[in-house]
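Per-entry structural report
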Amino acid sequence: MSGRALVTGGTSGIGAAIARRLAADGWRVAVAGRSAERAEAIAAEVGGVAVVGDVADPAHDPVALAVDALGGLDCAVLNAGVIADRDLPGTGDDDWSRLLAVNVLAVHRQARAAHPHLAASGGSILLTASDAGVWGEPAIAGYSITKRMALQLMRCLAAEWGPDGIRVNALCPGDTEPGMVTTTAGRRAPGATDGWLTPPLGAIVQAADVAGAAAFLAGPDAARITGVGLLVDAGMRASSTGWQGEGPR
Amino acid sequence: MSRTVIGTEGPVTRALRDAAPAEASPELVIVGLPEPVGPVGALATDALAALVDATLTPALAALRAAAAEGGPVRVAIVCPAGAVLPDHRDGARSVVGAGLAMLAEVAAATPGLAANVVAAADDVSPAEVAAAVEFALAQPSLNGATIRLDGGRDAALAAETRAEGD
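Report on the accompanying structure.

Reading the values: rules and limits
For every chain, the first residue of its written sequence is number 1, and the numbers climb from 1 along that sequence. Written order determines the labels here, with chains lettered from A and ligands numbered from 1. For a predicted model such as this one, the threshold for reporting local features is a pLDDT of at least 70, and the threshold for listing and counting side-chain atom pairs is 80 or more; totals across whole chains, interfaces and linings nevertheless cover every residue. Each side-chain value is worked out from all heavy atoms of the structure, with water and hydrogens disregarded. The contact criterion used throughout is that any non-hydrogen atoms of two residues lie within 4.5 Å. The quantity reported as buried area is the accessible area (1.4 Å probe) lost by two parts once they are put together, taken as the sum for both. For this document, the term salt bridge refers to a Lys or Arg side-chain nitrogen within 4 Å of an Asp or Glu carboxyl oxygen. Within 3.5 Å is the distance limit for a polar contact, defined as a pair of N or O atoms, with the added protein rule that one can donate a hydrogen and the other accept it, and that residues adjacent in sequence qualify only through two side-chain atoms. Residues grouped as a nonpolar core are buried Ala, Val, Leu, Ile, Met, Phe, Trp, Tyr and Cys residues, joined through side-chain atoms within 4.5 Å. Think of it in three bands: with a 1.4 Å probe and only protein chains considered, a residue is buried below 20% of the maximum accessible area for its type, exposed above 50%, and partly exposed in between. Note on definitions: angles span 0 to 180 degrees between N-to-C directions of axes, and those axes are lines fitted to C-alpha atoms, for helices only across the stretch in contact. Each helix corresponds to a stretch of at least 4 residues labelled H or I by DSSP, and each strand to a stretch of at least 2 residues labelled E; elements are numbered beginning at the N terminus. Angle categories: roughly parallel below 35 degrees, roughly antiparallel above 145, roughly perpendicular from 65 to 115, and oblique for all the rest. Handedness of each helix crossing follows the sense of rotation of the near helix against the far helix: counterclockwise by less than a right angle gives left-handed, clockwise gives right-handed. Under this grouping Gly is polar, as are all residues other than the nonpolar Ala, Val, Leu, Ile, Met, Phe, Trp, Tyr, Cys and Pro and the charged Asp, Glu, Lys and Arg. Our arc is simply the arc of the directions from the helix axis toward the C-beta atoms. DSSP bridges decide pairing: two strands pair if at least two such bridges lie between them. Convention used here: a crossover is right-handed provided that the path from the first strand, over the helix, to the second strand proceeds clockwise when the strands point away from the viewer.

As a further point, take the interface of chain B and chain A. The interface of chain B with chain A comprises 38 residues on the first partner and 31 residues on the second. When chain B packs against chain A, the two sides together hide about 2,700 Å² of surface, and 72% of this comes from carbon and sulfur. Three residues, B:Thr45, B:Arg64 and B:Met102, lead the burial of chain B against chain A; their summed loss comes to 24% of the area buried on that side. For B:Arg64, the salt bridge identified is with A:Asp93, shortest N-O distance 2.8 Å. Our enumeration of links across chain B and chain A arrives at 15 residue pairs in polar contact (both at pLDDT 80 or more).

And the structure:
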């Protein structure tokens, strides 16, 4: 597959894994993130270009920057996201504003920005939602709400923009390493997965697993797949007790 | 404590305010039925943000306050039917409605709160919506549920929808 992809939140965790996987599959990749140092490092590693800025800033247009650098766009991987370790009573106004700005409004803004370019190329949009958007987690209440909204946004855009030849899908990762749990400051030490519940498949999801699903949904084998939120959670959401499993038998 | 009704103004909200509480226990009813604004992909992001600010954000604040007080409070959230199965022609309300539905689901798992959703199509009468809210508030074991009031419209894919592309 030779295409042109933008990956927001591409400087760490799942986003970096997606950038690496797409590049390995032959895509030219624009790696977007807030840290210039990290974006340039990942971009250099994958032979792509760096796009630096905060997706929540309405003045920042990573789609336009990627299109300029790549000469067009075939896939917008809108992966950037934030989390707040807050239950419902603990979710403050600032938490909610940031969650909404990054996980929903930035995705909406960048999807709209990508629309004409993807309509021209017959491309696709891939959102990173979460298993918490499928089945909510009260310990991360605001995050769960915004990820459910992202999933509903994906479905609406899939139906609305399907006639334009644009596919829109979403990934719903479970606890992933490295991912939001291990790369967000104040959560766990990098690489530490102690205390994680073991999913039914007996192994914690790796970022490369999620990237593999991303490569499939972005690629030609998924040409007739749109409006799908694909769980990549090793079975965590398969049963109300599955996520309390004790590992392989 | 009696019933508190907040949210978007309209006939459903008025019907719920007029209804006498069936229980003496505290009740919070949140109505999130904004006027339709069309497909979400055609909507400016600022307009989507304004829709969230008018519906979901005050709902979250109200539930946060109720949870902080420790409850017990029974909650019903009224939202568009598109909160469950999205309607892309009414996509913006479907997105915000989905947020309201998830808000109810996490509230249902929050100590002190019991919360349910009434997802109503626009052509359902305010009285019928109010009756469903009364039911949701009165059932002790109903928590984290969604009652769809759409006459079965979304129970299965409509034949005319399948035929559109033929």
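Let us keep going from here.
On to the nonpolar core. Membership of the largest hydrophobic core comes to 71 residues, with the highest contact counts inside it found for A:Ile125, A:Ile145, B:Leu56, B:Leu63 and B:Leu103. Judged by nonpolar contacts, the second largest core, of 31 residues, contains A:Ile14, A:Ile18, A:Leu171 and A:Leu217.

Below, the discussion takes up the packing of helix 6 (residues 141-161) of chain A against helix 4 (residues 91-108) of chain B. Contact pair helix 6 of chain A / helix 4 of chain B: the axes reach a minimum separation of 8 Å and the direction vectors enclose 150 degrees. Comparing the axis directions of helix 6 of chain A and helix 4 of chain B gives the class roughly antiparallel. Of the two elements, helix 6 of chain A crosses helix 4 of chain B, and the hand of that crossing is right-handed. Judged by residue contacts, A:Ala141, A:Ser144, A:Ile145, A:Arg148, A:Met149, A:Gln152, A:Leu153 and A:Cys156 of helix 6 of chain A engage B:Gly91, B:Ser94, B:Val95, B:Val96, B:Ala98, B:Gly99, B:Ala101, B:Met102, B:Leu103, B:Glu105 and B:Val106 from helix 4 of chain B. When grouped by side-chain class, the residues that make up the contact of helix 6 of chain A with helix 4 of chain B number twelve nonpolar, five polar and two charged.

On to helix 3 (residues 62-70) of chain A. All names here are of chain A. Residues of helix 3 that are buried: Pro 62, Val 63, Ala 66, Val 67 and Leu 70. The buried side chains of helix 3 occupy one side of the element, clustering within an arc of 135 degrees when seen end-on. Residues of helix 3 that are buried in the fold lie against strand 1 (4-7), strand 2 (28-33), strand 3 (49-52) and helix 4 (93-121). Two residues or fewer after helix 3 comes Gly 71, characterised by a positive phi angle close to 80 degrees.

It is worth spelling out the pairing of strand 3 (residues 73-80) of chain B at this point. Residues and elements named next belong to chain B. In terms of burial, strand 3 is a largely internal element, eight of the eight residues being buried. Where strand 2 (residues 27-31) lies against strand 3, five bridges are found, and the strand directions are parallel. Bridging from a neighbouring strand, Val 29 pairs with Ala 76 of strand 3. Handedness of the strand 3-helix 4-strand 4 (residues 113-120) crossover: right-handed.

Residues and elements named next belong to chain B. Across the sheet, which stays open at both edges, the five strands sit in the order 1-2-3-4-5 with parallel pairing between neighbours. At either margin of the open sheet sits one strand with a lone partner, and together these are strand 1 (3-7) and strand 5 (146-149). Within the sheet, the average angular offset between the axes of one strand and its neighbour, ignoring direction, is 15 degrees. Note: strand 1 against strand 2, five bridges, orientation parallel. Directly across from Gly 7, in strand 2, lies its bridge partner Val 31. The sheet strands contacting helix 3 (residues 56-68) are strand 1, strand 2, strand 3 and strand 4, and the helix crosses strand 2 at an angle near 170 degrees. Against the sheet, helix 5 (residues 126-138) engages strand 1, strand 2, strand 3, strand 4 and strand 5, with an angle of about 150 degrees to strand 3.

Residues and elements named next belong to chain A. In space, the seven strands of this open sheet follow the order 3-2-1-4-5-6-9, with parallel pairing throughout. The open sheet has two edge strands, strand 3 and strand 9 (229-232), and neither has a second partner. When strand polarity is set aside, the average angle formed by the axes of neighbouring strands in this sheet is 20 degrees. Most of the contacts of helix 8 (residues 207-218) go to strand 6 (residues 167-173), to which it runs at about 170 degrees, and overall it touches strand 4 (75-78), strand 5 (124-128), strand 6 and strand 9.

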